[in-house]
Structures are given as structure tokens and as C-alpha cells.
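In case you want the letters, here they are:
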Amino acid sequence: MSLPDALERLYKRFLSYLAAERGLSVNTVEAYGRDVERYLRFLWTRGVRPESARSEDVRELLRRLGDYGLGPASLARNLSAVRTFHRFLLEEGMAEGDPTELVDAPRRGRRLPEVLNVEEVEAILSQPDTSTPLGMRDKAMLELMYAPGMRVSELLSLRLGDLLWQVGVVRVSGKGGRERIVPVGEVALDALRTYLKEARPKLAKARSGDIVFLNRRGERLSRMGFWKVLRGYVRSAGISKPVSPHTLRHSFATHLLEGGADLRAVQEMLGHRDISTTQIYTHLDREYLREVIRTFHPRG
């Protein structure tokens, strides 16, 4: 069922707004677009103009989507898209109020991330054959992924100018283009120096530019390429639990908190805008402390 012409034009203006003024990625624009298109159809069938929508209309949409089987995470994303659409209407002077202001996001439980213990991390980090260029690269990548808890996208987009050797830090471009400086330990820095001195020159081609981590063709290593590398080392380390690139990041945060690190410091290193995102790791920390009590306290 296609939208009426007037709604179709409004919908396309909204998509342009997301891309041009909000600077959202193509994937985010597409996801928000699908949700808002469905919302506009919903309003149309109820005979409601977007600028006249009420909180009750938004709640009814969420109720129906929940009845159709959408989980809390998907419902929260739908509400976020609808909220962004109504803020667009306000900014463009097409509406006088935002019906989503009084609508709460559906509650969703926070699933604890899978983590590795220190011994498992060390087992993975010891797998690369550092007598080969690719092994030296892999060792540097894994150490750098774990040392400051970088996202895989941040790791693979690193450029030579982002490595600030004098002060032992790396400049990282995170989500939303937000830049942060993260400290790197000596073990990871040593692995990185070895790779850059002995391995990268053998992998680099004329087209390589200043990307730090290259594949065997001298091009930037892809996310899938890194995932395959990690999967191979997880298997050779004899680890059976599911491990993804993000697992090293989760493990970094958990190990810091288990060691007594301040939550705000961990938030800064992870690049979380909201500390509530980081606080999920405190659940893991509390479980660790409970286990210590159960194991070592006489009345545990």
C-alpha cells in the first residue's frame, strides 16, 4: 500500500533531513525510513495527519507492533524513529508539539555480554605466528583490540597519524564521528612497533595509503576478514564459547572493573556517551565479587 502523494513527499523530505542535516549513516536512514513509513501508513488508516498525531496514536502503534511479535528492542527503535520524525516536524515548523514526549520507551532487559577470563584472552593472544608478516599483523591487532577495548570498526580505520607514540596513546574515531584518545599498554605498543617495522612494509602496495592494518593484497582489512582471523585463533586456542570481535572489548571492560577501575574511567576509554551504557559491566563485576564471597568466605 503506497502513501498518498502529500505523505510521500513529506516522507522523502524526512529521509533527506536524516542524511543531510543529521548526518546519519545509510543503514540508519534506511532503518528509520522503514519505521517511519509504517508509522505514516498507520496514521493514514486512522485518518490522522502527522502534525496532529497524539500520544495515544504513538502508544497504539507500539501496542500493535508488540502484538505482532516485535520485542522490546525493536519497539524501542520504532519509538526512536517516530520521535526523530516528530522533532523534524517541529524543526521545520510543520507542527506545534511532539506527541512522543509523554511516551516511554518499552522496557527491555539488558543481556550481559559474553566475556572471556584473563587466561582465555591470553590463550588467544598467544596464537599468532609472529615469524610471519600476517602473524605479526594479527598479534598487533589482537593486542590493540584488547588493550584499550577498541571496537573493530575503530581498529580497522586506524591511520598511521593516529598512533601518538610519544605519549603512548591512539586517536580513535568512534560512533557518530566522536573522537577520543585512548591509552595503550607497552605490550600492545611493542606488538604494533614490530608489525609496522617488519611486517607492514611487506604487505603494503602503492594503493595502501596510510591505513595501519592491511590484508595480503595491501588493502584495508575488512570486518569480515578480522572476524575470520579471530575465529581461527579462538578455535586453535581450544575455546568453545562464542567469541566475536566485540567480546574482546567486553572482556577489557570487565577485567578493568574486576581490578577496581573507576566506572567513569572505563566509560571514557570505551567511548560511551552515557554512563548507563557502561554500567552493564558492573553486573558482571558484582557476579565476580559474589563468586569470591561464595568461594573464600567461611559463611559464603
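Note that the structure is a prediction, hence the values are computed from the model and not measured.

**Q** Looking at this structure, how should I read the sheet that holds strand E3 (residues 179–183)?
**A** Sheet strands line up and pair through hydrogen bonds in the backbone, either parallel or antiparallel. The antiparallel open sheet is built from 3 strands, whose spatial order is E1-E2-E3. The open sheet has two edge strands, strand E1 (163–164) and E3, and neither has a second partner. Relative to E3, strand E2 (residues 169–173) is paired through 5 bridges, and the arrangement is antiparallel. Its bridge partner being in E3, Arg171 is matched across the sheet by Ile181.

**Q** What's the story with the packing of aromatic side chains in this structure? I'm lost.
**A** Where two aromatic rings form a pair, the distance of their centres and the angle of their planes describe that pair. Taken as a whole, this structure holds 7 aromatic pairs when the rule is applied. Measuring from centroid to centroid gives 6.3 Å for Tyr39 and Phe85, while their planes differ by 75°, and the two rings are edge-to-face. One end of the pair, Tyr39, is in helix H2 (residues 26–45); the other, Phe85, is in helix H4 (residues 72–91), with 46 residues separating them in the sequence. Assigned by exposure class, Tyr39 and Phe85 land together as buried. Here Tyr195 and Phe213 contribute two aromatic rings whose centre-to-centre distance is 5.3 Å and whose plane-to-plane angle is 25°, an arrangement assigned as stacked. Of this pair, Tyr195 sits in helix H8 (residues 186–203) while Phe213 is found in the loop between H8 and helix H9 (223–236), placing the two residues 18 residues apart along the sequence. The class of Phe213 is buried, set by a relative accessible area of 0%. Three or more aromatic residues link up through ring pairs in this structure, and these residues are Phe14, Tyr17, Tyr39, Phe85 and Phe88.

**Q** Hey, could you run me through the environment of Ala95 in this one?
**A** Relative to the helices and strands, Ala95 is located in the loop between H4 and helix H5 (118–125). Relative accessible area serves as the criterion here: at 12%, Ala95 is assigned to the buried category. For the pair formed by Ala95 and Glu51, sequence separation is 44 residues and the distance between their alpha carbons is 4.9 Å. Aside from chain neighbours lying at most four places away, what touches Ala95 is Glu51, Leu89 and Leu90.

**Q** Please explain empty space enclosed by the protein as it appears in this structure.
**A** The probe, sized like a water molecule, is rolled over the atoms to show the empty space still left. By the definition in use, this model includes 1 cavity of 30 Å³ or more. Considering only enclosed or pocket space, the largest cavity measures out at about 30 Å³ in volume. Leu163, Leu164, Trp165, Gly168, Val169, Val170, Leu189 and Leu192 together form the lining of the largest cavity. Where the lining of the largest cavity is concerned, the elements lending two or more residues are E1, E2 and H8. In terms of residue class, the lining of the largest cavity is made up of 7 nonpolar, 1 polar and no charged.

Cut-offs and rules
Residues numbered from 1 in each chain as written. Predicted model: local features only at pLDDT ≥ 70, side-chain atom pairs only at ≥ 80, totals over all residues. Heavy atoms only, no water. Pairing = 2+ DSSP bridges. Helix = DSSP H or I, 4+ residues; strand = E, 2+ residues; numbered from the N terminus. Phe/Tyr/Trp six-rings, centres within 6.5 Å; stacked < 30°, edge-to-face > 60°. Buried < 20%, exposed > 50% of the residue type's maximum accessible area, 1.4 Å probe, protein only. Contact = heavy atoms within 4.5 Å. 1 Å grid on protein atoms, 1.4 Å probe; cavity = no way out; pocket = protein on both sides within 12 Å on 5 of 7 lines; lining within 4 Å. Points joined across faces, edges and corners; volume = space filled by probe spheres on them. Nonpolar A, V, L, I, M, F, W, Y, C, P; charged D, E, K, R; others polar.

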